[in-house]
Amino acid sequence: MTARPLDAPDARGARAQRLATLPAETMAMTTRDGVRLDADIYRPAGDGPFPVLLMRQAYGRRIACTLCYAHPRWYASHGYIVVVQDIRGRGTSEGVFTLGRDDAEDGAQSIAWAAALPGSNGRVGMYGFSYQGYNQFMAASLAGPALRALAPAMAPWDPREGWSHSQGAFRLQSSLGWALQLAAETARHDGDAEAYTEIARAAKALPLNEQRPAHPGVMDRYPEHSHYATWRDTPRDHTYWQDISPAARVAAMAERRVPTLLVAGWYDSFLEGSLASWHALQATRAAPVHLVVGPWGHFPWVRRQGALDFGPDADGGMDALHVRWFDRWLKDEDNGVDHEAPLRLFDLGRKAWQDFATWPHRTQSLYLSGTGLASLDTADGNLRDHPDDAPGVDAVVTDPWRPAPSVGGAFGSPAGRRGPRGHGRSRRRPHLHHAPVRRAARVGRRRHRRTPRGRRPAELRHRLHPLARTARRQGDSPGRRLSPPACERGTGIARRARHGSPGRHLRHTGTGGSLAPVDRGRRLPGLRAQPRHR
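Numbers given for residues are sequential positions, taken from 1 along each chain in its written order. pLDDT decides what is reported in this predicted model: residues at 70 or higher carry local features, side-chain atom pairs at 80 or more are listed and counted, and totals for whole chains, interfaces and linings draw on all residues regardless. To get the side-chain values, all heavy atoms of the structure are used, and hydrogens and water are removed first.

Enquirer: Could you clarify how one ought to interpret the overall build of the protein chain in this entry?
Expert: Note on conventions: DSSP H or I runs of at least 4 residues are helices, E runs of at least 2 residues are strands, and numbering of each starts at the N terminus. Helix and strand counts for the protein chain stand at 12 helices and 23 strands. Here the term buried applies to any residue with accessible area under 20% of the maximum for its type, exposed to any over 50%, and partly exposed to those in between, with areas from a 1.4 Å probe on protein chains only. Each of the 534 residues in the protein chain was classed as buried or not, and the buried ones make up 58%. What makes two residues a contact is simply this: any of their non-hydrogen atoms within 4.5 Å. Partitioning the contacts of the protein chain with sequence separation of at least 6, the portion at a separation of at least 24 is 72%.

Structure representation (structure tokens):
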């Protein structure tokens, strides 16, 4: 294991020898079934030939993921033809957008088209985050030999577990919010002004307070514009999920032996999918697979997340890293990127990068402790490294009229790390405490599930963020309070309330109304730096 800033001098070498760029031009290709797909082309000034970077956009090609990446002209100035394409049924491209259905076939055809553009050297790399990372995986499963490198960032891996659902529970807020965004654009693309107006209005204020929150009227009125009902209602074992899943295409991707750079964030909602994709692709040993995990939410990838500044090493450097990755595989430059450690993790406590040859494994057991007053007294309720002499019980009752706000983590508003002062009303909610951990722990995410007396299962969820350090390193006093879900170990209480029906929607910290007795002295098993494969 070594420590090295992401912005080391070799990474910053991407600044050298920038080229002038030509004005962008718009071109189109036609798929085998006759659908026109539009793209903006950014070229460097020069004789070439140049390799091609392809991004397939679901949100409009002019956006080009500039929330996180440099503008395509910047990449063009480093000697690349950059193609940003509207996928089928989005932007100005023709066709009907159906989530996941056409991304593999259209992507493979787009790669072949891009490789044959005038001035191309016939080599194509793909980049982009979120859906633009997801469709890289899909395209790679059918791509021809022109595809030489991938760089999916913060991308879904298993659409059922980790995208639409989490541990079997429907991700209501995130699934609905994203579905409304896509549906509004679909209505606009189809010229349905009435639907666009209503759906766009709902997207800005989620209709979660209707009689059936998971069945908002706006989605029932315009089902033709959205995948939402399909995601909500399709059973886990239906072939639909496999058909749109990158995880189900690992063997096909391995056959193509494409070097892959993965980017993830400790506070990103797709973190577990990013980790799972790295483990799955690494296991094939088909091609180099590198993973970088920074202290970031979904976007932007900057040093400050929530209440904490992670320092200059956390800010920037990703565009330079992408250029080095593509220079190696698309230009055959011997820049050493393929000899670097395949795993780069940002240590949240040290505020520094750590390199690893393999995923770090270490187990630490923690135990619930207290006197039974944790729901009322912020000085009660502890996590200890040894069990109490006598077991006990704490009762935690959540009141739907006085919910604890969801703050921090991947889904909070705002997201990122939030200290106790950032939780406002939640400061009076039950919290766990911990004494300073004397030895730095690098831990993954695990949960301890306890079914209380009665008919309602409850879940104690502790989000133990990887590479978290001790509270004392942050200058906090012993017994520091952990407010869910965003302290360094993000410990919090959540529930899965089934109320007599399976698959009830997941509600975050303190938003329901069930009694959740929690056994003290219970060991929290399996706290190891290894992701759960969902």
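Enquirer: Even after reading the chapter, I still don't get helix 5 (residues 172-189), so can you show me in this structure?
Expert: Because the α-helix completes a turn every 3.6 residues, residues three or four places apart line up on one side. Its 18 residues place the ends of helix 5 25 Å apart at the C-alpha level, agreeing with the 26 Å of an ideal helix rising 1.5 Å per residue. Every buried residue belonging to helix 5 is among Leu172, Ser175, Leu176, Trp178, Ala179, Leu180, Leu182, Ala183, Ala184, Thr186 and Ala187, and all of these are buried. Among the residues trailing helix 5, Gly191 stands out with phi positive, at a value near 75 degrees. The span expected for a helix works out to 1.5 Å for each residue beyond the first.

Enquirer: Just to check I follow, could you spell out the packing of helix 5 against helix 6 (residues 193-204) for this structure?
Expert: Packed helix pairs are characterised by how far apart their axes lie and by the angle those axes make with each other. Interhelical geometry of helix 5 versus helix 6 gives an angle of 160 degrees and a closest axis separation of 8 Å. Classed by the angle they form, the pair helix 5 and helix 6 counts as roughly antiparallel. In this structure, helix 5 meets helix 6 at a crossing whose hand is left-handed. Mapping the contact onto sequence places Leu180, Gln181, Ala183, Ala184, Glu185, Ala187 and Arg188 in helix 5 and Ala195, Tyr196, Ile199, Ala200, Ala202 and Ala203 in helix 6. Simply put, an axis is a line fit to the C-alpha atoms, just over the touching stretch for a helix, and the angle between two N-to-C directions goes from 0 to 180 degrees. Should an angle fall under 35 degrees it is called roughly parallel, over 145 degrees roughly antiparallel, and 65 to 115 degrees roughly perpendicular, with every other angle called oblique. If you view the pair so one helix is near and one far, a crossing is left-handed when the near helix is turned anticlockwise from the far one by less than a right angle, and right-handed when it is turned clockwise.

Enquirer: So what exactly am I meant to see when it comes to the pattern of salt bridges here?
Expert: Put simply, a salt bridge is a Lys or Arg side-chain nitrogen that is within 4 Å of an Asp or Glu carboxyl oxygen. Taken as a whole, this structure holds 25 salt bridges when the rule is applied. Between Arg88 and Asp33 there is a salt bridge, and its shortest N-O distance comes to 2.9 Å. One end of the pair, Arg88, is in the loop between strand 4 (81-86) and helix 3 (103-115); the other, Asp33, is in the loop between strand 1 (25-30) and strand 2 (36-42), with 55 residues separating them in the sequence. Relative accessible area serves as the criterion here: at 8%, Arg88 is assigned to the buried category.

Enquirer: Can you help me understand the environment of His290 in this one?
Expert: Inspection of the secondary structure puts His290 in strand 10 (residues 289-294). When the C-alpha positions of His290 and Leu343 are compared, they lie 5.8 Å apart, and in sequence the two are 53 residues distant. Apart from residues lying up to four places away in sequence, His290 is in contact with Thr260, Leu261, Leu262, Trp278, Trp325, Val337, Asp338, Glu340, Ala341 and Pro342.

Enquirer: Even after reading the chapter, I still don't get the sheet that holds strand 5 (residues 120-129), so can you show me in this structure?
Expert: Sheet strands associate in pairs through backbone hydrogen bonding, adopting either a parallel or an antiparallel arrangement. Strand order in the open sheet formed by 10 strands is 1-2-4-3-5-6-9-10-13-14, and the pairing between neighbours is mixed. Edge positions in the open sheet fall to strand 1 and strand 14 (352-356), since each of these has one partner strand only. Pairs of neighbouring strands in the sheet enclose a mean axial angle of 20 degrees, with direction left out of account. Against the sheet, helix 4 (residues 131-140) makes contact with strand 3 (50-57), strand 5, strand 6 (147-153) and strand 9 (260-265), and its axis sits at roughly 135 degrees relative to strand 5, the strand it touches most. Pairing between strands is defined by DSSP: at least two bridges between the two strands are required.

Enquirer: Looking at this structure, I do not really get the packing of helix 3 against helix 4. What am I missing?
Expert: At a closest axis distance of 8 Å, the pairing of helix 3 and helix 4 adopts a crossing angle of 80 degrees. Considering the angle they form, helix 3 stands roughly perpendicular to helix 4. Where helix 3 approaches helix 4, its residues Asp103, Ala104, Gly107, Ala108 and Ile111 are matched on the opposing element by Tyr131, Tyr134, Asn135, Met138 and Ala139. In this classification, the charged set is Asp, Glu, Lys and Arg, the nonpolar set is Ala, Val, Leu, Ile, Met, Phe, Trp, Tyr, Cys and Pro, and all remaining amino acids, among them Gly, are polar. Its residues placed into classes, the contact of helix 3 with helix 4 shows 7 nonpolar, 2 polar and 1 charged.

Enquirer: It is not clear to me how the pairing of strand 2 should be interpreted in this structure. Could you clarify?
Expert: Consecutive residues of a regular strand have side chains that alternate between opposite faces of the sheet. Counting buried positions along strand 2 yields 6 of 7 residues, so the element is predominantly enclosed. The sheet contact formed by strand 1 and strand 2 spans 6 bridges and is antiparallel. In the strand pairing of strand 2, Met27 is matched with Ala39. If you look at the hairpin formed by strand 1 and strand 2, you'll find 5 residues sitting between the two strands, and Gly34 has a positive phi there, around 85 degrees. Here strand 2 runs beside strand 4; their pairing, made up of 4 bridges, is antiparallel. Paired with Tyr42 across the bridge in strand 4 is Val82.

Enquirer: In this structure, what is going on with the side chain of His322? I would like to understand it.
Expert: Considering the arrangement of structural elements, one finds His322 in helix 12 (residues 318-330). In contact with His322, other than residues within four places in its own chain, are Tyr69, Tyr75, Tyr127, Ala151, Leu261 and Val263.

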